[in-house]
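# Architecture at a glance
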Amino acid sequence: MTDPQRRVDRIRAFREELAETERELGPVIDPARRAELEQYHSGTIDRLHRAFEVDASDTERQLSLGMRVVSLLGAFALCAAVFLFFYRYWGRMTVPLQTGLLVIGPPLGLGLTEFAARRERTLYFAWLAGLVTCASLVLASEALGRIYGLPASPWRYLGWGGFGWLLALGYRFRLVMAAAVVSFTIFVLGIITQLSGAYWVGFLTRPEGYAIAGLCWVALAQEPRLVPADLASPVRLAGAIMTFLALLALGLDGSLTLLPVARKGAEFIYDVVALGVGAAGIWLGIRRGWAELRLATTAFVVVLLIVKAFDWWWEWLPREFFFLILGLLALGILVVLRRARRRLA
């Protein structure tokens, strides 16, 4: 099924282009057919607006963006309120009362999410309730572990990831889907580290695991049986960010690598790998039309070059020459991107 908002956007773009064309060339459609088309488009927009509350104008789009920002800020504020409430009154409660409040929190939040989703089609309130529900689940599992002396374990992240994944699938929450990707990654890397005989949090100092996991997520996002098409974007983006941050860390500190090479050698290897992955990410984002991957990769390449410029030249180059090199690097990136754009055209 076509996304309702995208269809409305296409109708508006078609109307604007048709009006611009007729201003330059004169009428290009028979007036009777033009009236039928206008009536059909107006009816389609009205129907989609009633069914899905899509943004039918620039004003509505701006208001929707504001509502998204307010929803996110409200979710963080409510999560902070829940945490501070428990922090303030937790010690005055009995253990049974503590357990009961922790256990009932996630199901109650899930019920509020479902109630809000049924009452409001844009899902702003449901999204807010969903984020609070995820936070309450994390708080409950951590607090119950402390109360009953349960050891820290990567299996908690499996539970958090599974809950977030199902919540995202049910309500199309992109941010929750990205958080589920991170939770699953921590679980897998923690289990692998544990099986190797080390303490499970040891993977935090080995960025190669994140780099490989991120690439796997980018690949898995293309499997529609695992990741629906409308949720593939946050999965790709989360995987790409994992890979980029891991490569950046390895390029700055080669002692973190698992490769049997010296620190400087590892840094050089991962600098080359990072540039290759960046180029491949930009190419893939352009070729497949993945805007989020293209933008994230471009930002990563720019940050990488700036960081490495400081690492290589800041100490021994005069400041004017250093910034001259930065400017030349920026011009080089613009030239490469312009050629890629022309080639795509």
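Before going into details, it helps to say that this report is about the structure given with it. (Residues numbered from 1 in each chain as written. Predicted model: local features only at pLDDT ≥ 70, side-chain atom pairs only at ≥ 80, totals over all residues. Heavy atoms only, no water.)

### Things to note about a nonpolar patch on the surface
Definition in use: What goes into a patch is any residue over 30% in relative accessible area without a salt bridge, connected to like charges within 9 Å or, for nonpolar side chains (Val, Leu, Ile, Met, Phe, Trp, Tyr), within 5 Å. Note that accessible areas follow from Shrake-Rupley with a 1.4 Å probe, and for residues the cover is restricted to the protein chains shown. Salt bridge criterion: a side-chain nitrogen from Lys or Arg within 4 Å of a carboxyl oxygen from Asp or Glu. The helix count covers DSSP runs of H or I at least four residues long, the strand count covers runs of E at least two residues long, and both are numbered beginning at the N terminus.
On the surface, a cluster of nonpolar side chains totalling about 490 Å² of accessible area is made up of Leu-259, Val-261, Phe-268, Ile-269, Val-272 and Val-273. Along the chain, Ile-269 turns up in helix α10 (residues 263-288).

### Digging into the packing of aromatic side chains
To describe a pair of aromatic rings, one takes the distance between the centres and the angle between the planes. Just so we agree on the cut-off: Stacked, tilted and edge-to-face are the three classes assigned to paired rings of Phe, Tyr and Trp, where Trp is represented by its six-membered ring and a pair needs centres within 6.5 Å; plane angles under 30 degrees give stacked, over 60 edge-to-face, the rest tilted. Each residue's exposure class comes from its accessible area (1.4 Å probe, protein chains only) as a fraction of the maximum for that residue type: buried when under 20%, exposed when over 50%, partly exposed otherwise.
By the definition in use, this model includes 12 aromatic pairs. With a centroid separation of 5.5 Å and an interplanar angle of 20°, the aromatic rings of Tyr-171 and Phe-173 are classed as stacked. Overall, Tyr-171 belongs to the buried group, its relative accessible area being 14%.

### What to know about helix α2 (residues 31-52)
Here is the rule we go by: Expected helix span is given by 1.5 Å per residue-to-residue step, counting one fewer step than there are residues. Note that the arc is defined by the directions from the helix axis to the C-beta atoms. Contacts: residue pairs with any heavy atoms within 4.5 Å of one another.
Along its 22 residues, α2 runs 31 Å from first to last C-alpha, staying within 8% of the 32 Å computed at 1.5 Å per residue. Within α2 the residues assigned to the buried category are His-41, Thr-44, Ile-45 and Leu-48. Buried positions in α2, seen along its axis, are confined to an arc of 95° and lie on one side of it. Counted as exposed and oriented over 90 degrees from the buried face of α2: Pro-31, Gln-39 and Arg-50. Contacts from the buried residues of α2 go to α1 (4-25). Of the residues one or two after α2, Glu-53 is the one with positive phi, at around 55°.

### What to know about unusual backbone geometry
Within the chain, Arg-172 stands out as a residue other than glycine whose phi angle is a positive 60°. Tracing the backbone through its elements, the reader meets Arg-172 in the loop between α6 (155-171) and α7 (174-195). Owing to a relative accessible area of 38%, Arg-172 belongs among the partly exposed residues under this scheme.

### Describing the packing of helix α9 (residues 232-252) against α10
Heads up, the rule is: Axes, fitted as lines to C-alpha atoms, cover a helix only where it is in contact. Angles between the N-to-C directions of the axes lie from 0 to 180 degrees. Small angles under 35 degrees read as roughly parallel and large ones over 145 as roughly antiparallel, with 65 to 115 read as roughly perpendicular and the rest as oblique. Here a crossing is taken to be left-handed if its near helix is turned anticlockwise relative to the far helix by less than a right angle, and right-handed if that turn runs clockwise. Just so you know the grouping, Ala, Val, Leu, Ile, Met, Phe, Trp, Tyr, Cys and Pro go in nonpolar, Asp, Glu, Lys and Arg go in charged, and all remaining residues, Gly too, go in polar.
Packing of α9 against α10 brings their axes to within 7 Å, and their N-to-C directions diverge by 150°. With respect to α10, the element α9 is oriented roughly antiparallel. Crossing geometry of α9 relative to α10 is assigned as left-handed. Judged by residue contacts, Thr-243, Phe-244, Leu-247, Leu-250, Gly-251 and Leu-252 of α9 engage Arg-263, Glu-267, Tyr-270, Asp-271, Val-273, Ala-274 and Val-277 from α10. Residues that form the contact of α9 with α10 fall into these classes: 8 nonpolar, 2 polar and 3 charged.

### Observations regarding the packing of helix α8 (residues 207-220) against α9
Between α8 and α9, the shortest axis-to-axis distance is 7 Å and the interhelical angle comes to 155°. Comparing the axis directions of α8 and α9 gives the class roughly antiparallel. The interaxial crossing formed by α8 with α9 has left-handed handedness. Seen from α8, the contacting residues are Pro-207, Glu-208, Tyr-210, Ala-211, Gly-214, Leu-215, Trp-217 and Val-218; seen from α9, they are Val-235, Arg-236, Gly-239, Ala-240, Met-242, Thr-243, Ala-246, Ala-249 and Leu-250. Per-class residue counts for the contact of α8 with α9 are 12 nonpolar, 3 polar and 2 charged.

### Things to note about the side chain of Glu-208
Under the convention used in this document: Neither His nor the chain ends contribute to the count of charged residues, in which Lys and Arg are positive and Asp and Glu negative.
Tracing the backbone through its elements, the reader meets Glu-208 in helix α8. Among buried charged residues, Glu-208 stands out as having no salt bridge; its nearest opposite-charge side chain is Arg-206, 5.9 Å away. Beyond its immediate sequence surroundings of up to four residues, Glu-208 is in contact with Leu-250, Leu-256, Thr-257, Leu-258, Leu-259 and Tyr-270.

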